[in-house]
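A look at the structure
Now for the letters of each chain:
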Amino acid sequence: MSGDPVHHVELTVNGEPYRATAADRQLLVHFLRDTLALKGTHIGCDSGNCGACTIRCEGKLVKSCMMLAVQADGCDLRTVEGLTGLHGELTPLQRAFKEHHALQCGYCTPGVLMSAEYLLERNPVPSEEEVRRALKGNLCRCTGYVNIVAAIMATAEELGRGGRP
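Everything in this summary refers to the structure shown in the same document. All figures in this text were calculated on a predicted structure; none of them were measured in a lab.

1. A few points about the overall build of the protein chain
- Looking only at helices and strands, the protein chain has 5 helices and 5 strands in total.
- Taken from the N to the C terminus, the helices and strands of the protein chain come in the order β-β-α-β-β-β-α-α-α-α.
- Taking 2.2 N^0.38 as the reference for a compact globule, 165 residues should give roughly 15 Å; the C-alpha atoms of the protein chain span a radius of gyration of 16 Å, in line with that estimate.
- Counting only C-alpha atoms, the protein chain reaches 50 × 30 × 25 Å along its principal axes.
- The 165 residues of the protein chain split such that 45% are buried.

Printed below as a string of structure tokens:
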């Protein structure tokens, strides 16, 4: 992309303000990983099919490989790095993923966590069918989703007792 016009991009990621330059055609996922050095968001397909690059933009789920960095100018973003607590402690959702062995290779995990958090914020006590529907945009080639769904359901049970994702 050398030689492409560049633009200044100002945005907030996980509560931290950033200002950097981005080429016209630079994908947001590459901007996050390469320019801002936030490596938690994974690059899986660059075509919006796998969901490994799922983040939050202005509160909504987006696949960052389907958005240009310049489109995020002025936006508030949240990546998987923003899920942990103030002192680095795991959230109930992250703990459930660990306890239920909801990952193997871990490549899909950042996007799945973002999708699961989004679901649980809107529906703290989803049915198994609702969990599976919420994960339709995230491909996992290792677990068959059984343990992922179990982890999300366990988190929902904890939320039902007054927790947060």
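2. Points about the packing of aromatic side chains
- Considering all chains together, one arrives at 0 aromatic pairs under this definition.
- Looking at Arg-122, its charged tip hangs above the ring of Tyr-118, at a distance of 3.7 Å from the centre.

3. Section: the nonpolar core
- Leu-93, Phe-97, Leu-135, Ile-148 and Ile-152 are the most contacted members of the largest nonpolar core, which totals 22 residues.
- Of all elements in the fold, only helix H2 (92-99), helix H3 (109-122) and helix H5 (146-159) reach the threshold of two or more residues within this core.
- Within the second largest apolar cluster, 17 residues are counted, among which are Ala-20, Leu-32, Ala-69 and Cys-75.

4. Thoughts on the side chain of Asn-138
- With respect to the helices and strands, Asn-138 occurs in the loop between helix H4 (128-134) and H5.
- On the basis of relative accessibility, which here comes to 2%, the residue Asn-138 falls in the buried class.
- Sequence-distant contacts of Asn-138, defined by excluding residues within four places in its chain, comprise Cys-50, Gly-51, Thr-54, Gly-111, Val-112, Ser-115 and Tyr-145.

5. Some words on H5
- For H5, spanning 14 residues, the distance from its first C-alpha to its last is 20 Å, which sits close to the expected 20 Å at 1.5 Å a residue.
- All of the buried residues along H5 are Ile-148, Val-149, Ala-151, Ile-152, Thr-155, Ala-156 and Leu-159. Projected down its long axis, H5 shows its buried positions confined to an angular sector of 160°, all on one face. Exposed and facing more than 90 degrees away from the buried side of H5 are Val-146 and Glu-157.
- If you follow the buried residues of H5, they end up packed against H2, H3 and H4.

6. Re the pattern of salt bridges
- Considering all chains together, one arrives at 9 salt bridges under this definition.
- Here Arg-122 ties to Glu-121 by a salt bridge, and the two come within 3.5 Å at their closest N and O atoms.
- Owing to a relative accessible area of 38%, Glu-121 belongs among the partly exposed residues under this scheme.
- As a salt-bridge pair, Arg-132 and Glu-128 come within 3.2 Å of each other at their nearest N and O atoms. Note that Arg-132 and Glu-128 are positioned in helix H4 at a spacing of 4 residues, about one turn of the helix.
- Here the salt bridges do not stand alone but share partners, grouping Arg-56, Arg-78, Glu-117, Glu-121 and Arg-122 into one network.

7. Things to note about H2
- Among the residues of H2, those classed as buried are Pro-92, Leu-93, Gln-94, Ala-96 and Phe-97.
- Of the surrounding secondary structure, the elements contacted by the buried residues of H2 are H3 and H5.
- His-101, located one to two residues past H2, shows a positive phi value of around 50°.

8. A look at the packing of H3 against H5
- Taken N-terminus to C-terminus, the directions of H3 and H5 make an angle of 35°; their axes are 11 Å apart at the nearest point. As H3 runs across H5, the sense of the crossing is right-handed. In this structure, H3 uses Val-112, Ala-116, Leu-119 and Leu-120 to contact H5, whose residues at the interface are Ile-148, Ile-152, Thr-155, Ala-156 and Leu-159.
- Of the residues assigned to the contact of H3 with H5, the class counts are 8 nonpolar, 1 polar and no charged.

Cut-offs and rules
- Residues numbered from 1 in each chain as written.
- Predicted model: local features only at pLDDT ≥ 70, side-chain atom pairs only at ≥ 80, totals over all residues.
- Heavy atoms only, no water.
- Helix = DSSP H or I, 4+ residues; strand = E, 2+ residues; numbered from the N terminus.
- Rg over C-alpha atoms; globule rule 2.2 N^0.38 Å.
- Buried < 20%, exposed > 50% of the residue type's maximum accessible area, 1.4 Å probe, protein only.
- Phe/Tyr/Trp six-rings, centres within 6.5 Å; stacked < 30°, edge-to-face > 60°.
- Lys NZ or Arg CZ within 6 Å of the ring centre and 35° of its normal.
- Core = buried A, V, L, I, M, F, W, Y, C linked by side-chain atoms within 4.5 Å.
- Contact = heavy atoms within 4.5 Å.
- Expected span 1.5 Å × (residues − 1).
- Arc of directions from axis to C-beta.
- Salt bridge = Lys/Arg side-chain N within 4 Å of Asp/Glu carboxyl O.
- Axes fitted to C-alpha atoms, helices over the stretch in contact; angles between N-to-C directions.
- Left-handed = near helix turned anticlockwise from the far one by under 90°.
- Nonpolar A, V, L, I, M, F, W, Y, C, P; charged D, E, K, R; others polar.

Take it as geometry only, folks, not as evidence of what the structure does.
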